[in-house]
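One letter stands for each residue in the lines below.
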Amino acid sequence: MPPKPADAAAARRLSLAGAGFGNDLVLAGLILLVLVGFGLAGPGFLSFANLVSIGQQTAVIAIVGFAMTAVIIARGIDISVGSTLAIAGIVAGQAYGATGSPLLGILAALAAGGAIGLVNGLLISAVGISPFIATLATLAAGKGAALSLSGASSIPVDSPVLLWAGSADIHGVPASLLLAALLLAGWWGLLHRTVLGRWIFAVGGNAGAARASLIPVRTVQTLTYVLAGMSAGLGAVVIIGRLGSAQPLAGTGLEFAAITAAIVGGTKLSGGEGSVTGTALGALLLGAINTGLSFLQVPQQAIYIVTGGLVLFAVLLSQRDRLAAAVAKWRRRSRAAHTVEEAAVPRRLDRHELRIVGLGKLFPGVKALEGVAFDIRAGEVVALAGENGAGKSTLVKCLSGVHQPDEGGLILDGRPVRLRTPAEAAAAGIAVIHQHFSLVPDLTVAENLFLGREPGGIALRRAEMRRKAQEVIDQFGLGLRPDDRVGTLTVGQRQMVEIAKSMLSEAWLVIMDEPTSALSTRERDRLYALIGRMKGIGCAILYISHKMEEIFTLADRAVVLRDGRFVGDRAIRDLDEPALIGMMVGRDIGNVFPHRPVPRGDLLVAVEDISDGGLLRAASLTVHAGEVVALAGLMGSGRSEVMRCIAGLSTHRAGTIRIGSATLPAGDSRRANALGVAYVPEDRHLEGFVGPMSVQDNVTLAWIRAKSALGLVRPSALAAEAGRLIRQLGVRPSDPRKRVGDLSGGNQQKVVIGKWLATRPRVLLLDEPTRGVDVGAKSELHALIAELKAQGAGILMVSSELPEVLGVADRIVVMHEGRTAGELPRGATETEVMALAFGRSAEAQRPTKQERVAG
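Note that this is a predicted model, so its numbers are computed, not measured.

Caption draft 1: Structural view of the pattern of salt bridges. Scanning the entire structure with this criterion turns up 36 salt bridges. A salt bridge links arginine 557 to glutamate 380; its shortest N-O distance comes to 2.6 Å. Here the residue arginine 557 occupies a position in strand S13 (residues 557–562), and glutamate 380 occupies one in the loop between strand S6 (366–377) and strand S7 (381–385), the gap between them amounting to 177 residues. Glutamate 464 is the partner of lysine 468 in a salt bridge, and the nearest nitrogen-oxygen pair spans 3.0 Å. Residue lysine 468 and its partner glutamate 464 are both found in helix H19 (residues 462–476); the two are separated by four residues, about one turn of the helix. With relative accessibility at 29%, the residue lysine 468 sits in the partly exposed group. In this structure, a network of salt bridges that share partners links the residues Asp375, Arg377, Glu380, Arg557 and Asp569.

Caption draft 2: Up close: the sheet that holds strand S20 (residues 677–680). Taken in spatial order, the six strands line up as S20-S21-S22-S17-S23-S24 in an open sheet, and their pairing is mixed. Each end of this open sheet is capped by a strand with a single partner; those strands are S20 and strand S24 (819–825). Adjacent strand axes in the sheet meet at a mean angle of 20°, parallel and antiparallel pairs treated alike. Where helix H31 (residues 775–790) meets the sheet, its contacts fall on strand S17 (627–633), strand S21 (763–767) and strand S22 (794–798), and the angle it forms with S22 comes to roughly 145°.

Caption draft 3: Spatial organisation of the sheet that holds strand S16 (residues 619–624). Taken in spatial order, the four strands make up an open sheet running S16-S15-S18-S19, and their pairing is antiparallel. For this open sheet the edge positions go to S16 and strand S19 (662–663), each flanked by a neighbour on one side alone. In this structure, strand S15 (residues 603–611) lies alongside S16, joined through five bridges in antiparallel fashion. Across the sheet, leucine 603 pairs through a bridge with histidine 624, a residue of S16.

Caption draft 4: Structural detail: the pairing of S22. Of all the five residues making up S22, five are buried; the element is thus mostly covered by neighbouring parts of the structure. Note: S17 against S22, five bridges, orientation parallel. Its bridge partner lying in S22, leucine 631 is registered against valine 798. Relative to S22, S21 runs parallel, the two sharing five bridges. Each residue of the ladder has a partner; that of leucine 766, found in S22, is methionine 797. Considered for its hand, the β-α-β crossover made up of S21, H31 and S22 is right-handed.

Cut-offs used in this document
- Residues numbered from 1 in each chain as written.
- Predicted model: local features only at pLDDT ≥ 70, side-chain atom pairs only at ≥ 80, totals over all residues.
- Heavy atoms only, no water.
- Salt bridge = Lys/Arg side-chain N within 4 Å of Asp/Glu carboxyl O.
- Helix = DSSP H or I, 4+ residues; strand = E, 2+ residues; numbered from the N terminus.
- Buried < 20%, exposed > 50% of the residue type's maximum accessible area, 1.4 Å probe, protein only.
- Pairing = 2+ DSSP bridges.
- Axes fitted to C-alpha atoms, helices over the stretch in contact; angles between N-to-C directions.
- Contact = heavy atoms within 4.5 Å.
- Right-handed = clockwise from strand over helix to strand, strands pointing away.

See below:
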């Protein structure tokens, strides 16, 4: 039973409050250990006066560290905060000296810090300079400015108001520590209870998806740096109060302390994840360590060494799951190294066979594989089929040495083997071609083929590399040149380079994971022919695909996994599509690409002769309410470009786009969305979802702007909307707190679609909506599309899978070289679609209505 909204809201509150809770406990325990240790070493360390000193030192680190946490969450870094604090303090001292107004002094500090932050933000977000380089420049400039403005000397300050934050106390508690506590509450509220906070996490987790979700990415990035600068300005006021003067070198080393506090507190430098409560504890830990070592009169150089070592120890403890996994991996390898009964891997035989015997793999709380048993022989193509989450990827990792099985094992040519690393798998003749290529774009084809195994040692034998590369290219008819730069090749050509790498390494078993997911029909046919040649020389292919057509075209056998368990191994000649789908999903899903007749409604979209100055030259189409229009064509024909222009994510330079009765301004994504247009991108990883964020945060990401009064987020409303979408879409698991990055491909796609369904769109643009998802998820997604169509939505869909286009579309618009080549009604054939896609007239190949009925 799905959770009630109130229950979901409570669960979400617990999730937010408990985010990084384990890390916080570790830090709290370490702080206690440090305090006790220094207390035993120096009896006066735990005196009230010394604890006040720790609090004062912690306060400044925390005040700057909270803003640093936001910067890092947004995938940035700011190493200029120390010099920003120094120059803000000097400006404050001079403003007070010139006017006698402490209030103007404080405002001057905040303004100076904010101005430097603004410079940082603009250099990074607008100019495109890397955060490290930009803030390194302002670090140097700030130090020079502080020394220059002050004449390299301190500026005395005697105003009680200006000194209050750093020197006063309230009932014995330093005012600076209370100020830090107030800022902690404020930052927590901003990050977890405001729209801006959600945007900061989204920008850091996936800037492309944030931008596609209409989040002003550059503004958010700039704002985090402005807040970091203002926080440094506030820190300057506290330092002035502690020292009684503004000093040009006051912030030296503060950037190290603030960044360290954030990282120790659990904020990830990769962006998208962080906790200000963890930063507060990290600041307290650093304050305790520095004060304790100074109390014991340890030399400064030793303080640096001890501080660094203790910080590293804290980071390791905070990453205890990874540490435990690394230790377990080392133990497995150590045991494997002393296992004498395992035979060495034979280097090369005429005929190979790999037997997988009762293979199982366990992860914490999950049995990913259980009882998998089948064999792969040279000269055959074996399709590995199953839904997302069935265990296919885990099995491939076991075969390629990334994971070691916990049960069962592998027998190669009659002898047991254990593949402990990818290098050992390669030595056994096993190669994996992943969906995401392992190629270096700036190197040539030949250089990529020999990457990591270059002949000649230090002095490369380039002529030999080119010669051997040409031999492989000629043997398999790849149509490449050894000196072609990989970055200039098409996706299909890069696929050929990956295959050539495996052939050059003399692999006998090549595992292909969704190799045609980004290929055009022509490139797909070339791949099919290449696989045939590979079979002919004795290679075995383990082929992973969600496309039934490919499995029945290429494979000799199909091995099916479901929920991590081996279901069956059947010859393709003994199967049909319904039987194979039944084995994969364990249920009858009917027609994977269903068509639901719905009366056509009003005109929603009218595109007339648009071009973008690039691929797109002259595209025209219409979409009505209650219909699915499929946009077909070869890769590079301009299909996606049409979608992006309608969504306002790309700029059309000629032609017009009308949404209803309104003309869409070129490149105005917010206006397009306001008119009811929603766009589901082709690459869900790049522009669709934010992996570190939860299902709830992702599906409400585009919804919260219009539903949050004054930019404040209501957790109960978020939970209710997310719960509704999760039920409507059938997202599994249904836990709204689940990280989207941990979901299967099909459920990730549901989340991306759900994000836009939350905005109640009139026009839904779907670019390759079922790419990389299993057959069960395809059926569910198309059932959802049919339901939206029945509710009156107009749907424009791009798909490279012709059975999908022919199955669900009411009309088919075909693109060729950036132009609309023609339009076909429902009932058209693959031949007609491909004729238009290649720029030929479909009329001569179009059967009559009577012929179609007879067929």
